[in-house]
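# Structural characterization, general
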Amino acid sequence: MSGEEYEYRVARFRERLTRGEVAELGVRIEVRGETLLLTGTLPTADRREEILRIAEAELTGIPFHEALVVAGAEPPDHHEELR
């Protein structure tokens, strides 16, 4: 894969994440040599799976690692004791 094709595909992936059906601004894409690192905090596990599905489709042939965390947005199940 040429350098131009690599850059184009990474840019296309970034655009697809920030626009379109996902509109996710919480994912950082870092280029580490020829490998990408996806990091960030997402609101749900479903959103994380959707991001990974798009990454696999858009980045076929480009190795990537992910460290995407799902934020716990559930209300607490007990009262907090303040002292």
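Quick note: structure is the one above.
Conventions adopted
Residues numbered from 1 in each chain as written. Predicted model: local features only at pLDDT ≥ 70, side-chain atom pairs only at ≥ 80, totals over all residues. Heavy atoms only, no water. Pairing = 2+ DSSP bridges. Helix = DSSP H or I, 4+ residues; strand = E, 2+ residues; numbered from the N terminus. Axes fitted to C-alpha atoms, helices over the stretch in contact; angles between N-to-C directions. Contact = heavy atoms within 4.5 Å.

Take the sheet that holds strand 3 (residues 64–70) next. What the three strands build is an open sheet, ordered 1-2-3; its pairing is mixed. Two strands bound the open sheet, and with one partner strand each, they are strand 1 (27–32) and strand 3. Shown here is a sheet whose adjacent strand axes are inclined to one another by a mean of 10°, direction ignored. Two strands pair when backbone bridges link them, and strand 2 (residues 35–42) and strand 3 are joined in this way by seven bridges, in the parallel orientation. Pairing of L42 across the sheet is with V70, part of strand 3. Each of strand 1 and strand 2 is contacted by helix 1 (residues 3–18), which is oriented at about 170° to strand 1, the strand it contacts most. Its contacts with the sheet put helix 2 (residues 45–58) on strand 1, strand 2 and strand 3, and the angle it makes with strand 3 is roughly 165°.

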